[in-house]
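Okay, here's what each chain looks like letter by letter:
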Amino acid sequence: MPELPEVEVVRAGLQPAVTDAVVTGVEIFDERSLRRHVPAAESFTAQLSGRRILAAVRRGKFLWLPLDSGRALVIHLGMSGQVLLRTPGAAADRMLRIRLTLDHPTHGELWVNFVDQRIFGSMAVDSLVATTDGLPGGYWGTGETDAAWQRRLPSQVAHIARDPIDASFSSSTFLAVLARKNTGIKRALLDQNVISGIGNIYADEALFAARIHYEQPAASLSRAKATALLAAVRAILHRALAEGGTSFDAQYVNVNGQSGYFAHSLEAYGRQGAPCSRCGTLIVREQFMNRGSHFCPRCQRLR
DNA sequence: ATTCGCACCTGAGTGC
DNA sequence: TGCACTCAGGTGCGAA
C-alpha cells in the first residue's frame, strides 16, 4: 500500500487501535522483513516486548510508532506491505511475515499482522533523533501534548523530506530545491529527499493535471508552473485520501482489509490506449525507471 | 556532490 | 498443464 494516501489510511486505522497498547508478543515468520532493523545491543523482539505504544506517526511513506522506551517501531510498506488488525485466533493471513500481539487497556487483545508479498517493506526498532528545524517530526492526527517524541523522528527517516500535506512543509524550500535540480520533473517528484509521499501513480496524475511532460527538466519550470504543480499534487493526494486511497486489487487495503476507491478517478496512470479526458488523444505509456510513465502526448508536451 | 541504473523479492497474468 | 516471460504502488546502494 505504497503512496502517501494509502499509508495515511493505514496510519489513521492504526492510531486508535495501538495508542496506549502494550506489546505482549512478537512473532517473526520471515527475518527478511527486518531488513531495516539494525540490531543494536538488543534484538527486535527484546526491544518491543513489554513496551507501550504512544502514537502512530507518518512522514511521507514512512510510519512509526513511538514507544515508552524512547525509541520507535518503524514500518515501511514497500511495494506490497499491509498492516492488518485481527482478532487473536483468526485464520493466518497469506504471506504473513511478522505478527505483534498487543494488549490495549480498553479494547483488549489484538493482533497486528504485517503481510508483505515482495518483502521490500519492513519493520524495525530505531532510535529517535531531534528534527533539525525543531518542528514536529511527522503527522499523528490530533492531540497536542508536546510529548518528547513529537519533535523527533526515527534516524532512518531523518533524510526524508517533509510531505506536501505536512503543516510544516515549506513551499518556498521545495521550489528552491526544484529550481536547482538537474533532472526530469518526474524523477524530482519521486525523490523522497526533495518531497516525500509521491510515487508512480500520483506523480503521473499530478503531471497530467498540471499538463507537464514527465521528462521536462525540473529547473526549466517557471515559478508559476512549479507552484501550479505543487497545488495539483496536494489536490490529488487529498482527493485520494478522501476516497480511501487507490486499489486495483486486494493488495492495497486498509487495516481492516478494505480497498479504497480512487482508482476510478485516475486520469493517466494505467490508462494507456484510452482517450484523454480533456482532448481525446490516446494516453501513452512509456518505459521509465524500469516502470511506466503515463501521459497525454498532446496535453503534456516537452518544451 | 549529484544523478542514474540496478538489485532487492514474490506472485499474478499472458501467450505459446 | 507447463513454461517463459512481463508486470507491479519503493528504496538504497554503488558506480559514473
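Residues numbered from 1 in each chain as written. Chains lettered and ligands numbered in written order. Predicted model: local features only at pLDDT ≥ 70, side-chain atom pairs only at ≥ 80, totals over all residues. Heavy atoms only, no water.

### Considerations on the pattern of salt bridges
Move 1: Per the stated rule, a full pass over the model turns up 14 salt bridges.
Move 2: The residue Asp-93 makes a salt bridge to Arg-86 at a minimum N-O spacing of 2.8 Å.
Move 3: Accessibility expressed as a relative area gives 24% for Arg-86, which makes it partly exposed. (Salt bridge = Lys/Arg side-chain N within 4 Å of Asp/Glu carboxyl O. Buried < 20%, exposed > 50% of the residue type's maximum accessible area, 1.4 Å probe, protein only.)

### Focus: the domain arrangement of chain A
Move 1: Taken as a whole, chain A is organised into domain 1 (4–157) and domain 2 (171–295).
Move 2: Here domain 1 and domain 2 share an interface that buries about 1500 Å² over both sides, 61% of which is from carbon and sulfur atoms.
Move 3: Linking domain 1 with domain 2 are zero salt bridges.
Move 4: Summed over the shared surface of domain 1 and domain 2, the result is eight residue pairs in polar contact (both at pLDDT 80 or more).
Move 5: At the level of secondary structure, the elements contributing two or more residues to the side of domain 1 that touches domain 2 comprise α1 (4–18) and β5 (81–86).
Move 6: With eight residues, the top contributor of residues to the side of domain 1 that touches domain 2 is α1.
Move 7: Looking at side-chain class alone, the side of domain 1 that touches domain 2 contains nine nonpolar, five polar and four charged residues. (Domains from an automatic or database assignment. Buried area = accessible area lost by both parts, 1.4 Å probe. Polar contact = N/O pair within 3.5 Å; in protein donor to acceptor, adjacent residues only side chain to side chain. Helix = DSSP H or I, 4+ residues; strand = E, 2+ residues; numbered from the N terminus. Nonpolar A, V, L, I, M, F, W, Y, C, P; charged D, E, K, R; others polar.)

### Considerations on the side chain of Asn-200
Move 1: Take Asn-200: it is sitting in helix α5 (residues 200–209).
Move 2: The exposure class of Asn-200 is buried, given its relative accessible area of 14%.
Move 3: A distance of 2.7 Å separates polar atoms of two side chains, one belonging to Asn-200 and the other to Lys-186.
Move 4: Excluding anything up to four places from it in sequence, Asn-200 contacts Glu-3, Lys-186, Leu-190, Tyr-269, Arg-291 and Gly-292. (Contact = heavy atoms within 4.5 Å.)

### Remarks on the environment of Ala-274
Move 1: Within the fold, Ala-274 resides in the loop between α6 (223–242) and β10 (284–288).
Move 2: Residues Ala-274 and Cys-296, 22 residues apart in the sequence, show an inter-C-alpha distance of 9.9 Å.
Move 3: Here Ala-274 is in contact with Thr-281, Leu-282 and Ile-283, once residues within four sequence places are set aside.

### Examining the sheet that holds strand β7 (residues 108–116)
Move 1: Spatially, the four strands line up as an open sheet ordered β1-β6-β7-β5, and their pairing is antiparallel. The open sheet terminates on both sides in strands that have one partner only, identified here as β1 (22–28) and β5. On average, each strand axis in the sheet is tilted by 20 degrees relative to the strand beside it, whichever way the strands run.
Move 2: Relative to strand β6 (residues 96–104), β1 runs antiparallel, the two sharing six bridges. Of the residues in β6, the one forming a bridge with Gly-25 is Thr-101.
Move 3: Along the sheet face, α1 touches β5, β6 and β7 and points at about 30 degrees away from the line of β5. (Pairing = 2+ DSSP bridges. Axes fitted to C-alpha atoms, helices over the stretch in contact; angles between N-to-C directions.)

### Re the UniProt feature "active site" (unreviewed entry) in chain A
Move 1: The sites that UniProt annotates as "active site" (unreviewed entry) are Pro-2, Glu-3, Lys-61 and Arg-291.
Move 2: Tracing the backbone shows Lys-61 in the loop between β2 (57–59) and β3 (62–66).
Move 3: Secondary-structure assignment places Arg-291 in strand β11 (residues 291–295).
Move 4: Relative accessible area serves as the criterion here: at 38%, Arg-291 is assigned to the partly exposed category.
Move 5: Other than its neighbours up to four places away in sequence, Arg-291 contacts Met-79, Asn-200, Arg-285 and Glu-286. (UniProt positions renumbered as here; feature names shortened; annotations may be inferred.)

### Quick look at the protein's contact with DNA strand C
Move 1: Around DNA strand C, the structure places 21 residues, and the nearest of them are Thr-246, Tyr-252, Tyr-269, Arg-285 and Arg-291.
Move 2: Backbone atoms, meaning sugar and phosphate, make up 52% of the atoms of DNA strand C lying within 4 Å of the protein.
Move 3: In this structure, a sugar or linking oxygen belonging to DNA strand C sits 3.3 Å away from a side-chain N or O atom of Glu-3.
Move 4: In the model, a phosphate oxygen of DNA strand C is placed 2.3 Å from a nitrogen or oxygen of the Tyr-269 side chain.
Move 5: Here the surface near DNA strand C is composed, by residue class, of seven nonpolar, seven polar and seven charged. (Near = heavy atom within 4 Å.)

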